[in-house]
Amino acid sequence: MQDFQYQNGQLFCEGVALSDIAQQVGTPFFAYSHRALTRQIRAYKEAFSEVPHLIAFAVKANANIAVLKLFGNESGGADIVSGGELYRALAAGIDPQKLVFAGVGKTKEEMTAALQAGILMFNIESSQELIALDEAAKTLGVQAPVALRVNPNVNPETHPYISTGLKKSKFGIDIEKAVSEYQLAARLSHIEVVGIHSHIGSQLTQVKPFVDALQLISDMIDRLRAQNLDIRHWDIGGGLGITYDSENPPLPKEMADAILPLLKKSGCNIILEPGRSLAGNAGVLVTRVIYTKEGEAKSFVVVDAGMNDLIRPSLYQAYHAIRPIVEHSRPEKVVDVVGPICESGDFLAQERALPEMKSGELLAVMSAGAYAFTMSSNYNARPRPAEILVHDTSFDIIRARETMDDLLRGERIPEILNTPGH
Ligand code: LLP
């Protein structure tokens, strides 16, 4: 995380001390580095420059409209999975012709909204979904551009919750059934087959599963073309991992080098859907120590961010590095860093050696730019944190900290409860 470095003993994001942001906006907050986000998308653009391509950022990783706009300014698009993400991408000014729509459960309302917006392509995951899209397009009198998400049954060797390309997965269409599903698509009057899609999982740390999967898809493209299907767009999904701890994932360039021969041979427009590798290491969650506490068997550092703000440690036993915002040379101590939520599973780190921390001091939870704010909730009636975009020596609040009124938004006490006797 080269844009988060200590300068004179203080942790900075680019040219801004994180403690200065804490002073001005309070804690907890997420801070994203403009420079890191830009560098990551440029690394992809450069790596795939030899083929026509679109970098469609996976909005689920970080849905803030300022982040989407930043990628849009770099000629990026978006991979969306809901009507809400469509709404966000459009609000950020992303060109609809740079939007691809994935997901096993798109409703007709969502399909209609995406057709009206004029998106580039729907990634379809079942025959029922294909028929529903045909009907939605017929009602509007338009053609729906479609790729089928093909499941190549390749093990991505990552956490089971984020593996998606295996036979037992709910995602995609079995590769054996793909040809017949494409034939169905070709018969439907308001479907236009334009591409093929696969995504095998997330946080991949090796190139081989990508190569294996894309080799199978490449063979499938040949078979489909032999049936006169016009496969113009090849969406190769996302999934490239990042370093949270000691992982050593391939760079976009290394991934590109391994698959470019296949991609070039296809002559397709290549679509990529990276999420984590664009945003993950461009963000941190800054939190303040409320108390320290000595238990019978463990020592705890109780902080003001919890599993509602960053659920990855609780949900996936995911590792996030934690650094004190002010460097100091106190002796290390093995602690659990826990939040204020009333659940034993509410921790940001367990059995972690950290320099001894005191109440009131600040910590940065690293690698929190992806699947962090987007997975946050209001559990325990906690307003969600602010989001900050740092650019060089200044910063902007790109999402205000939620207020107590935000917590009650949309709720009503019905009249019957105000009537005596009820
Ligand atoms: N495309 C599709 C169809 C996807 O399902 C995903 C992620 C991506 C692209 C982006 O994958 P990435 O490049 O970020 O690996 N919440 C989990 C990750 C879930 C990923 C779901 N799909 C986590 O916090 O690790």
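Below, the structure is looked at part by part.

Digging into the packing of aromatic side chains
Thought 1: Enumeration according to the criterion identifies five aromatic pairs in this entry.
Thought 2: Measuring from centroid to centroid gives 6.5 Å for Phe-30 and Tyr-32, while their planes differ by 20°, and the two rings are stacked.
Thought 3: Given a relative accessible area of 0%, Phe-30 falls into the buried group.
Thought 4: Summarising the aromatic geometry, the rings of Phe-30 and Phe-373 are spaced 5.9 Å apart at their centres and angled 85° between planes, so their arrangement reads as edge-to-face. On the criterion of sequence distance, the pair formed by Phe-30 in strand β4 (residues 29-33) and Phe-373 in the loop between β19 (362-365) and β20 (386-391) is long-range, its members being 343 residues apart. Considered together, Phe-30 and Phe-373 belong to a single accessibility category, that of buried residues.
Thought 5: Taken together, the aromatic side chains of Phe-30, Tyr-32 and Phe-373 make up a single cluster linked through ring pairs.
Thought 6: The ring of Phe-101 has Lys-106 lying over it, and the distance from NZ or CZ to the ring centre is 5.6 Å.

Some words on the site of the ligand
Thought 1: Taken together, 18 residues sit near the ligand, with Ser-202, Glu-273, Arg-312, Tyr-316 and Tyr-371 positioned nearest.
Thought 2: One of the side-chain nitrogen or oxygen atoms of Tyr-371 is found 2.6 Å away from an oxygen atom of the ligand.
Thought 3: Considering the ligand on its own, with 590 Å² of exposed area, one finds that the protein chains cover 92% of that surface.
Thought 4: When its residues are assigned to classes, the shell around the ligand shows six nonpolar, six polar and six charged.
Thought 5: Built from parts of two domains, the shell around the ligand gets at least three residues from each of domain 1 (4-31 + 280-408) and domain 2 (103-272).

A closer look at empty space enclosed by the protein
Thought 1: With the rule as written, the count across this model stands at one cavity of 30 Å³ or more.
Thought 2: Roughly 40 Å³ of internal volume is contained in the largest cavity.
Thought 3: In terms of lining residues, the largest cavity is bounded by Ser-198, His-199, Ile-200, Phe-210, Ala-213, Leu-214, Ile-236 and Gly-238.
Thought 4: Residues of the lining of the largest cavity, tallied by class, amount to five nonpolar, three polar and no charged.

Focus: helix α7 (residues 178-187)
Thought 1: Buried within α7 are the following residues: Ala-178, Val-179, Glu-181, Tyr-182, Leu-184 and Ala-185.
Thought 2: Buried residues belonging to α7 abut α6 (127-140), β9 (144-151), β10 (173-174), β11 (191-197) and α8 (208-226).

Points about the environment of Asn-281
Thought 1: Assignment of secondary structure puts Asn-281 in the loop between α10 (276-279) and β14 (283-294).
Thought 2: For Asn-281, a relative accessible area of 22% corresponds to the partly exposed category.
Thought 3: Here the alpha-carbon distance between Asn-281 and His-53, two residues 228 residues apart in the chain, equals 23 Å.
Thought 4: Residues within four places of Asn-281 in sequence aside, it is in contact with Met-1, Phe-4, Ile-242, Thr-243, Arg-276 and Ser-367.
Thought 5: Within the local environment of Asn-281, its side chain forms a polar contact with the backbone oxygen of Thr-243, the two atoms lying 3.1 Å apart.

Rules behind the numbers
- Residues numbered from 1 in each chain as written.
- Predicted model: local features only at pLDDT ≥ 70, side-chain atom pairs only at ≥ 80, totals over all residues.
- Heavy atoms only, no water.
- Phe/Tyr/Trp six-rings, centres within 6.5 Å; stacked < 30°, edge-to-face > 60°.
- Buried < 20%, exposed > 50% of the residue type's maximum accessible area, 1.4 Å probe, protein only.
- Helix = DSSP H or I, 4+ residues; strand = E, 2+ residues; numbered from the N terminus.
- Lys NZ or Arg CZ within 6 Å of the ring centre and 35° of its normal.
- Near = heavy atom within 4 Å.
- Polar contact = N/O pair within 3.5 Å; in protein donor to acceptor, adjacent residues only side chain to side chain.
- Areas by Shrake-Rupley, 256 points an atom, 1.4 Å probe, with all protein chains shown as cover.
- Nonpolar A, V, L, I, M, F, W, Y, C, P; charged D, E, K, R; others polar.
- Domains from an automatic or database assignment.
- 1 Å grid on protein atoms, 1.4 Å probe; cavity = no way out; pocket = protein on both sides within 12 Å on 5 of 7 lines; lining within 4 Å.
- Points joined across faces, edges and corners; volume = space filled by probe spheres on them.
- Contact = heavy atoms within 4.5 Å.

Remember that the coordinates give geometry; whether it matters functionally is a separate question.
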